[in-house]
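Each chain, letter by letter, is given below.
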Amino acid sequence: MQTTIKAVLFDFGGVIAEEGFYEGLLAIGEMNALNPEAFFKTVDALIAETGYLAGASEEAVFWDAVKNETRITMSNAALRHEIMKRFTLRPGMIAYVDLLKSNGFIVAMLSDQTNWLDEIDEKTALFQHFDSVFNSYHIHKSKRDATVFRDVCSDLNVRPGETLFIDDNSKHIQRAMSEGLNVIHFIGMSDFEKRIRKFVAL
């Protein structure tokens, strides 16, 4: 028996697009002869600690903190380029967004992103596929705070149990579940296509 789903929330990096932040930071770590995974963990913590993820500081503050902590000397422009060029949109996932929308579901994006997401939209018109876009940079709360899921459901006027959340990050999935949302842990397109049929009829 299918759950009554009214709204579907999609993560951006790792779901709607390739995971540019993670892959870009691994590449930067390698370029600077640093342990890539350790470098990623350091920078992932700093993007939250500096307030950049939640729109409380400018990008330069974040990159200055990264360079102070890791001693890398690349320019801010070069660092962001390594990340931005890897956020490649996935046409198959965007097609699913459009299909869900055409079948009467509310479709929204919930992303831990910065002003980078706005720049991607300017180039690709990505946002036009969604009814709503919730970006941590603008809503001043990230998915590291489980209450963001409650907030988004309230804004969309749906109950958590009527909402399906799709993300590649297992910690975000766990937080969404703790708030009562239905979830799909995204690990690939073929697996996603099987799992979503358990929640919605298309």
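Above: the structure in question.
Values in this document were obtained by computation on a predicted structure and should not be read as measured data.

Asker: Looking at this structure, I do not really get the pairing of strand β2 (residues 106-111). What am I missing?
Answerer: The two faces of the sheet receive side chains in turn, since in a regular strand these alternate between them. Summarising burial for β2: five of the six residues are buried, a large majority. Bridge count between strand β1 (residues 7-10) and β2: four bridges; the pairing is parallel. In the sheet register, F10 faces β2, and the bridge partner there is M109. Pairing of β2 with strand β3 (residues 132-135) involves four bridges; the strand directions are parallel. Note on β3: the bridge partner recorded for S111 is N135. Handedness of the β-α-β unit built from β2, helix α6 (residues 115-124) and β3 comes out right-handed.

Asker: Mind showing me how you'd approach unusual backbone geometry here?
Answerer: Working note: non-glycine residues mostly have negative phi, and peptide bonds are mostly trans. Even without being a glycine, A33 presents a positive backbone phi close to 55°. Along the chain, the position of A33 falls in the loop between α1 (20-31) and α2 (36-49). Phi is positive for H140, which is not a glycine, with a value near 60°. Relative to the elements of secondary structure, H140 occurs in the loop between α7 (136-139) and α8 (147-156). Given the relative accessible area of 53%, H140 is considered exposed.

Asker: What am I meant to see in the side chain of E59 here?
Answerer: For E59, the location among the structural elements is in helix α3 (residues 59-70). With relative accessibility at 14%, the residue E59 sits in the buried group. There is a polar contact of 2.9 Å between the side chain of E59 and the side chain of R80. What E59 contacts, discounting residues up to four positions off in sequence, is Y52, R80, N115 and W116.

Thresholds applied
- Residues numbered from 1 in each chain as written.
- Predicted model: local features only at pLDDT ≥ 70, side-chain atom pairs only at ≥ 80, totals over all residues.
- Heavy atoms only, no water.
- Buried < 20%, exposed > 50% of the residue type's maximum accessible area, 1.4 Å probe, protein only.
- Helix = DSSP H or I, 4+ residues; strand = E, 2+ residues; numbered from the N terminus.
- Pairing = 2+ DSSP bridges.
- Right-handed = clockwise from strand over helix to strand, strands pointing away.
- Polar contact = N/O pair within 3.5 Å; in protein donor to acceptor, adjacent residues only side chain to side chain.
- Contact = heavy atoms within 4.5 Å.

Everything listed is a geometric property; what it means functionally is a separate question.
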